Amino acid sequence: MFLKNIVKNSIIFYHNYISSLMLCQCRFYPSCSQYTLVAVEDKGVVLGLLKGLERIMRCNPFSKGGYDPYK
Amino acid sequence: MEKKVLLAVTLSIVVILVYPIILAKINPDLANQTQKSQLIQKQVVVEKNIDNTTKETELVNELPSSAITANLTTDQYVFDLTNIGGSISRILIKDSKRKSDITIVTKAINLAGILSVEGKGMLSGMSLQPFIIYKDTKTFLLENKDLKLEKNISFLKDKYGLDTVIKITNKTTQNQDLTFDITVASNISKSEMAEARYIELDIHYKDGTTKKLTGNKLLENNKLYKNDIEWIALKNKYYSIIAKPNFDSKGVFIKNIAKEPTIGFIIEDDKIAPGNVKEYKINFFIGPMEIKELEKIDSSFTKALNFGFLTSISLILLSILQFFYSIFHNYGVSILLLTICINLFLYPLTFKSLKSMQKLQELQPHIEKIRQENKDNPTRLNKEIMELYRRYKVNPMGGCLPMVLQMPVFIALYNTLSRSVELKNSPFLWIKDLSMPDAFFPLGFSIPFLGSAINLLPILMIGAMILQQKISQSTTGSSQSEQQRLIANIMPIMFGFIFYSLPSGLVLYWLTSTLVTSSMQFFMFKKTT
């Protein structure tokens, strides 16, 4: 639970401060970081981060992007 | 909104300040922990292991006034040889490539002296005995009624290496046990800025594994018992002493002598028959940790290079840089070409996103309309815009993957630039050293955050990033919201802050990268209008 909070807070920190400063390049809505946050909440740290990674892999200029909520 | 931005800036500055400290703490330990289980570690307090007769005197860090020191000079080194203990007490490396000589070992005397031997039985007290130094044959000799102990050094021509041999002759009439320690490295210099955290002991085993020890672990008296040692190395940031034994050492000892680590090989229970001679050969590399120089002595010595947790990527980048260096003889030019290479590699990705950025212009009226309709509902607004992109098969964003992919390259390049000796003192244009900030205008006094000089490259980089934004704004039209625009204005300054005290080579990389992408953008935009 402790680990989960650390992971979640660092994603929130990244989303709010770092990615907005870097001009987020995400092609999806919700963005990769928001998606990962929900995934970690739902599946736990390991599986959630893996799902987030899978989403990041999809998030490249050859994908369509668009509305892609966590299921 | 402004409050949030202010918070973001403050937090980022905190991160910038704290991050290097955390990184320094995390990095060395990471490597240590993974290999802990492979080692049978026996922690023994050294004093207990050594004969009582030598216990009192062995940690004394002073020479008697009768000590004689001889001087050996070669093309690569200046060695000081001390007769007490018959060992090398000072090593100066002549580093002509970087035009700076470095005294890598100083005041290494008695037990800390390199090649000093200290053991049990007939070898007890050997680190305090006076030897005879033969300068012409580079030999130390000690002879008494029980044994003859001879140590010989031979330098390798045009290499940063030496071969040494320790010969022990049994003059008694009985079989003798040989249990002793040979010191191979000690008192390594830490004269570079913040160099203490780079001091590291590597033990490389024949099975390919490496055990790394840093920090306080080097200051504990310790014996690490595990045989099949290929070599051991004591390193600072740029230079190292690597010793490869040709005998089977039982393990490695670490002794804290006057708060400096002294390391060497443990030999236990070797038998020697009466009248016999036993030879212990050690091959040394003592010099700058350049890949080429390391390879000249032994190809496995390159494993002593450590650029942090992305060492493999760093080594690839370094070999690309060296390839360009071999053609143009300047590392600044190499960095420019490396940047262009990376951009070419990412070109398909950049091209794709630039293309769709242009298409976006045509959708501008639609986006404006959606924005007006969903003013109060940001979730719906974003969803609608994404749907619009999908319908028209455009997407202005490059995606997270290219950014995530570039991150390790960037970190690895940072490590390469700040830690490889090849790039130390390498100039480019007005930059004196690509591994340091460029310090264009020296100030003569120090300002917090900015240091004692104004760096030009980061300022140029801020300019280039603003330029890039102007170009991308003119290509995509004003699709940005108020918040995005504000952030876009702050970003270059934030980057300037982050990059300000980083190696100038890294800033050069980012500057070129920004210029290359924005010129690509500019020309594509020009072609279509």
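Residues numbered from 1 in each chain as written. Chains lettered and ligands numbered in written order. Predicted model: local features only at pLDDT ≥ 70, side-chain atom pairs only at ≥ 80, totals over all residues. Heavy atoms only, no water.

Please set out the overall build of chain B residue by residue, giving values where relevant.
Counting secondary structure elements, chain B contains twelve helices and 20 strands. The burial tally for chain B puts 51% of its 529 residues in the buried class. A sequence separation of at least 24 residues applies to 66% of the contacts in chain B between residues at least 6 apart. When the accessible surface of chain B is summed, it comes to about 25000 Å², and 59% of that surface belongs to carbon and sulfur atoms. (Helix = DSSP H or I, 4+ residues; strand = E, 2+ residues; numbered from the N terminus. Buried < 20%, exposed > 50% of the residue type's maximum accessible area, 1.4 Å probe, protein only. Contact = heavy atoms within 4.5 Å. Areas by Shrake-Rupley, 256 points an atom, 1.4 Å probe, with all protein chains shown as cover.)

How would you explain the environment of B:Met126 if you had to name every residue and give the values?
Residues and elements named next belong to chain B. Summarising the element assignment, Met-126 is placed in the loop between β5 (117–119) and β6 (132–134). According to the relative accessible area criterion, Met-126 is buried, its value standing at 3%. Excluding its chain neighbours within four sequence positions, the residues that come into contact with Met-126 are Gly-85, Val-117, Glu-118, Phe-131, Leu-142, Asn-144, Leu-147 and Leu-149.

Which residues make up helix α3 (residues 45–58) of chain A, and what values do they have?
For an α-helix, 3.6 residues make a turn, and residues three or four places apart therefore share a direction. Residues and elements named next belong to chain A. With 14 residues, α3 should cover 20 Å at 1.5 Å per step; its first-to-last C-alpha distance of 20 Å lies within 8% of that length. For α3, the full list of buried residues reads Val-45, Gly-48, Gly-52, Arg-55 and Ile-56. Down the axis of α3, the smallest arc covering the buried residues is 100 degrees, so these residues share one side. Exposed and facing more than 90 degrees away from the buried side of α3 are Val-46 and Met-57. (Expected span 1.5 Å × (residues − 1). Arc of directions from axis to C-beta.)

How would you summarise a nonpolar patch on the surface if you had to cite specific residues and measurements?
Residues and elements named next belong to chain A. On the surface, a nonpolar cluster with roughly 510 Å² of combined accessible area is contributed by Val-46, Leu-47, Leu-50, Leu-53 and Met-57. Relative to the helices and strands, Leu-53 resides in helix α3. Assessed through its relative accessible area of 47%, Leu-53 is described here as partly exposed. (Patch = residues over 30% accessible without salt bridge, like charges linked within 9 Å, V, L, I, M, F, W, Y side chains within 5 Å. Salt bridge = Lys/Arg side-chain N within 4 Å of Asp/Glu carboxyl O.)

Quick rundown of the sheet that holds strand β3 (residues 87–93) of chain B? Include the residues and the values.
Strand pairs in the sheet, formed through backbone hydrogen bonds, run parallel or antiparallel to each other. All names here are of chain B. Here we have four strands laid out as an open sheet, ordered β1-β2-β3-β4, and antiparallel in their pairing. On the outer flanks of this sheet lie β1 (69–73) and β4 (102–105), each paired with one strand and no other. Taking the axes of each pair of neighbouring strands and ignoring which way they run, one obtains an average angle of 20 degrees across the sheet. With six bridges joining them, strand β2 (residues 77–82) and β3 adopt antiparallel strand pairing. Its bridge partner being in β3, Phe-79 is matched across the sheet by Ile-91. (Pairing = 2+ DSSP bridges. Axes fitted to C-alpha atoms, helices over the stretch in contact; angles between N-to-C directions.)

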